[in-house]
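Chain by chain, the residues run as shown.
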Amino acid sequence: MGLSREILLWASRNEWLQKHVPRWRFVRYSVRRFMPGEDVSAAFAEAERFQQQGIFTVFTRLGENIEDLSEAEAVTQHYLEVLAEIKRRNLPTEISVKLTQLGFDLSEETTLANFRRLAEVAEREKNWVWIDMESSEYVDRTLAFYETVRQEFHRVGLCLQSYLYRSYDDLERLLQKPAAIRLVKGAYKEPRHIAFPKKRDVDANYFRMAERLVQDFGRNTVRAAIATHDVGLIGRIRARAHELGVADKDFEVQMLYGIRPAEQLRLASEGVRMGVLISYGESWYPWYMRRLAERPANVLFVLKNLFVK
Ligand code: FDA
């Protein structure tokens, strides 16, 4: 892991910075590149624009590790309202949640109850709820949680991270049953005994996991999303999918709002099933630091905004 990435990931968890940095105007200005606004109405406006371009969207309200169950209730209520609004506007928009935002650090029982309320609506309305994967201390519990809810609901997906040594085996096990998997590289600071320290190994494991997933693309019991901005990697996985007879309409790619927008349009225009994850909300600091860590050159962009009036 590069030093700058390490520093930015450390900063993402630093309490003093978390309290102060979001007040700095030039940082607030820079965040706009990765999120259309703090309010969900900005996300809805963008979702409508993407819909016209043949791109579906996934909403996520920023925030993690809440400290009081009343906050988890407010988040659940918020997502219920979002699901209702998606239906009202007839948008191809799904939601993605962090379990620690629904109370995972405080009560697994309440988290399950909150999640069920969302999954029930998604199931009824033929929508989807994705579960984000957080740092490695949560992986066992998140997998167990996903497997529990999948016994009741089909329209629930899980994120797996290729930087973890364990993820290939987790994938293989999950694919023994109907599953929905979003494959990412991984965004947290993890020790070398848990995660590949070298990027090229993370990328190689991503390809290996994607190759395994591709075999099940189009199988109606498996939904698989290639979630990365690594265009070369997407190209190789897509070529492998073609070799296996997978049509582009069954090949799903997801990217984050504001990253590689031209590529998003190109893939959608070529008939790939293209989705964009849109984040919004006030608690953007740790998430934004992880975005900077993915590409430390982004820090230059932040600094340039020091001079924006
Ligand atoms: P990589 O980092 O190799 O980047 C490939 C190229 O993409 C770069 O060369 C650059 O051009 C561009 N790029 C990537 N990040 C950029 C950035 N921040 N700014 C500008 N350009 C950038 N992680 C996690 O741990 N848990 C989760 O639940 C999720 N969920 C999730 C959903 C979706 C839809 C996506 C796309 C990603 C996630 N992630 C995630 C984040 C993921 O783990 C990873 O950190 C980022 O996707 C960046 O890695 P890439 O796969 O893009 O590759």
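Look above for the structure.
The paragraphs below set out a description of the structure included in this document. It should be emphasised that the depicted structure is a prediction, and the values quoted were computed from it without experimental measurement.

**Things to note about the nonpolar core**
Step number 1: Among the nonpolar cores identified, the biggest contains 80 residues, and Phe59, Ile95 and Phe115 are the most heavily contacted of them.
Step number 2: Considering each element in turn, this core owes the most residues, seven residues, to helix α9 (residues 199-214).
Step number 3: When neighbours within four sequence positions are excluded, phenylalanine 59 is seen to be in contact with Val40, Ala43, Phe44, Ala47, Tyr79, Val82, Thr93, Glu94, Ile95, Ser96, Ile278 and Tyr280.
Step number 4: In this structure, Val31, Trp284, Trp287 and Ala293 belong to the second largest nonpolar core, which totals 25 residues.

**Some remarks on the environment of serine 4**
Step number 1: Mapped onto the fold, serine 4 is located in helix α1 (residues 3-12).
Step number 2: With 293 residues separating them in the primary sequence, serine 4 and alanine 297 have C-alpha atoms 9.5 Å apart.

**Topic: the packing of aromatic side chains**
Step number 1: Under the definition given, this model contains nine aromatic pairs.
Step number 2: Where phenylalanine 104 meets phenylalanine 145, the ring centres are 5.6 Å apart and the plane angle is 85°; that geometry is what we call edge-to-face. Highlighted residues: phenylalanine 104 in the loop between β2 (93-97) and α6 (108-124) and phenylalanine 145 in helix α7 (residues 139-152), separated in sequence by 41 residues.
Step number 3: Between tyrosine 165 and phenylalanine 196, the aromatic rings sit 4.7 Å apart at their centres with planes inclined by 75°, giving edge-to-face as the arrangement. Of this pair, tyrosine 165 sits in the loop between β4 (156-161) and α8 (167-174) while phenylalanine 196 sits in the loop between β5 (179-184) and α9, and the two are 31 residues apart along the sequence.
Step number 4: On the accessibility criterion, tyrosine 165 (37% relative accessible area) is partly exposed.
Step number 5: The partly exposed category is assigned to phenylalanine 196, whose relative accessible area is 23%.
Step number 6: Every member of this aromatic cluster is reached through a ring pair, and the members are Phe104, Phe115, Tyr138 and Phe145.
Step number 7: Here the basic side chain of arginine 141 rests over the ring of phenylalanine 104, its NZ or CZ set 4.1 Å away from the ring centre.
Step number 8: In this structure, arginine 208 is placed above the aromatic ring of tyrosine 168, and the distance from its NZ or CZ to the ring centre is 3.7 Å.

**Some points on the pairing of strand β6 (residues 222-227)**
Step number 1: Of all six residues in β6, six are buried, a share of seventy percent or more.
Step number 2: By the alternation rule, side chains of β6 split into Val222, Ala224 and Ile226 and Arg223, Ala225 and Ala227, which are all buried.
Step number 3: In terms of strand pairing, β6 meets strand β7 (residues 252-256) through three bridges, oriented parallel. The partner of alanine 225 across the bridge, within β7, is glutamate 252.

**Describing the site of the ligand**
Step number 1: Around the ligand there are 27 residues in total, and Lys185, Gly186, Thr228, His229 and Glu294 lie nearest to it.
Step number 2: Contacts to the ligand include alanine 187, whose backbone N or O atom sits 3.0 Å from an oxygen atom.
Step number 3: Its free accessible area being 930 Å², the ligand has 89% of it covered by the protein chains.
Step number 4: The biggest single contributor to the shell around the ligand is β7, with three residues.

**Some words on the side chain of serine 96**
Step number 1: Examined against the element boundaries, serine 96 turns out to sit in strand β2.
Step number 2: Among the residues examined, serine 96 registers a relative accessible area of 0% and is labelled buried.
Step number 3: A distance of 3.0 Å separates a polar atom in the side chain of serine 96 from a polar atom in the side chain of arginine 182.
Step number 4: Not counting residues within four places of it along the chain, the set of residues in contact with serine 96 comprises Val58, Phe59, Thr60, Tyr79, Trp130, Asp132, Arg182 and Leu277.

**What about the side chain of threonine 60?**
Step number 1: Within the secondary structure, threonine 60 sits in strand β1 (residues 56-61).
Step number 2: Exposure remark for threonine 60: the relative accessible area of 6% places this residue in the buried category.
Step number 3: A polar contact of 2.7 Å, which involves the side chain of threonine 60, links it to the backbone oxygen of serine 96.
Step number 4: Contact partners of threonine 60, with chain neighbours within four places excluded, come to Tyr79, Ser96, Asp132, Leu277, Ile278, Ser279 and Tyr280.

The rules behind each value
- Residues numbered from 1 in each chain as written.
- Predicted model: local features only at pLDDT ≥ 70, side-chain atom pairs only at ≥ 80, totals over all residues.
- Heavy atoms only, no water.
- Core = buried A, V, L, I, M, F, W, Y, C linked by side-chain atoms within 4.5 Å.
- Buried < 20%, exposed > 50% of the residue type's maximum accessible area, 1.4 Å probe, protein only.
- Helix = DSSP H or I, 4+ residues; strand = E, 2+ residues; numbered from the N terminus.
- Contact = heavy atoms within 4.5 Å.
- Phe/Tyr/Trp six-rings, centres within 6.5 Å; stacked < 30°, edge-to-face > 60°.
- Lys NZ or Arg CZ within 6 Å of the ring centre and 35° of its normal.
- Pairing = 2+ DSSP bridges.
- Near = heavy atom within 4 Å.
- Polar contact = N/O pair within 3.5 Å; in protein donor to acceptor, adjacent residues only side chain to side chain.
- Areas by Shrake-Rupley, 256 points an atom, 1.4 Å probe, with all protein chains shown as cover.

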